[in-house]
Amino acid sequence: MGYDKVYVSNDEEETVSTGKNLSQVIREQMKARGQRFWAGDNISDYMSDAVKEKLIDEATVAFEGVLDALLIDRETDPNSKGTARRLAKMYYNEIMAGRYEPAPDCTAFPNDSADRYEGMLVVRSELRSMCSHHHQPVSGVAYIGIIAANKLIGLSKYTRIAQWCARRGTLQEELCIDIAREIMAATDSKDVGVYIQATHGCCENRGIMAHSSLTQTTVLRGAFKDDASVKKEFMDNIKLQQDFAPR
Ligand SMILES: [Zn+2]
């Protein structure tokens, strides 16, 4: 928190005086503060619009180097001319946006009246992610189950949280855990289940080239884990959802 001020007052000068890239300055600061910055971590505390613009410039130069190393003519090939910048912007603003943007704003509504909703809620969320190993697309669906506690969030927020977690470099197993944790934090519910099924570009486009492989992961917390009837109701709901809207 408050990093922006640090950057604006000091780091820009440091960037100039030491000849370091801004990304290097920020990495050093994150290390000094013990901030982990793995592909699946959110580092929005270190971002502002101005910082992001500078980092997109730096990433553009770096991607130019990658294209050069791949012996792709980015000077005369019209399709490769703007590719380095397109890649830089795509990483920051789209496929890894969940690393750089703060958590979605989730206004909570009270669920504490005498006739409060006590049933299970299951939300189907379309996901697009990227594997941290190969930077290949991961696409699928998350089913988020919850037994409402004393507050409720808007239905679209479940998907916003899931997509915010997914728009990073992920492993599906970790993504499932991340979504469960963030849904629990946003709702105060300790009873949450997350089931993801997804296809992985790294298995379809390369490696084993398995075009119809599907990976399923399940994370169960609270009653979803401890109460077999709750778990069964969740899985039955997923089947009903899939009958309604197959993947
Ligand atoms: Zn992969």
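Summary of the structure given here. (Residues numbered from 1 in each chain as written. Predicted model: local features only at pLDDT ≥ 70, side-chain atom pairs only at ≥ 80, totals over all residues. Heavy atoms only, no water.)

**Digging into the environment of Arg33**
To be explicit about the condition: Strands are runs of DSSP state E lasting at least two residues, helices are runs of H or I lasting at least four, and both sets are numbered from the N terminus onward. Burial here depends on accessible area, computed with a 1.4 Å probe over protein chains only, as a share of the maximum for the residue type. Under 20% is buried, over 50% is exposed, and the range in between is partly exposed.
Mapped onto the fold, Arg33 is located in the loop between helix H2 (22-32) and helix H3 (49-69). The class for Arg33 is partly exposed, based on a relative accessible area of 44%. It is 45 Å that separates the C-alpha atoms of Arg33 and Asp236, two residues lying 203 residues apart in sequence.

**Quick look at the pattern of salt bridges**
Definition in use: Salt bridge, as used here: a side-chain nitrogen of Lys or Arg that lies within 4 Å of a carboxyl oxygen of Asp or Glu.
Within the structure shown, the criterion is met by 10 salt bridges. A salt bridge links Arg181 to Glu182, with the nearest nitrogen and oxygen atoms 3.5 Å apart. For Arg181, a relative accessible area of 43% puts it in the partly exposed group. You can call Glu182 partly exposed: its relative accessible area is 21%. Residues Asp236 and Lys232 are paired through a salt bridge, measuring 2.8 Å at the closest nitrogen-oxygen approach. In this pair, Asp236 and Lys232 both sit in helix H10 (residues 228-244), four residues apart, roughly one turn of the helix. Accessibility expressed as a relative area gives 30% for Asp236, which makes it partly exposed.

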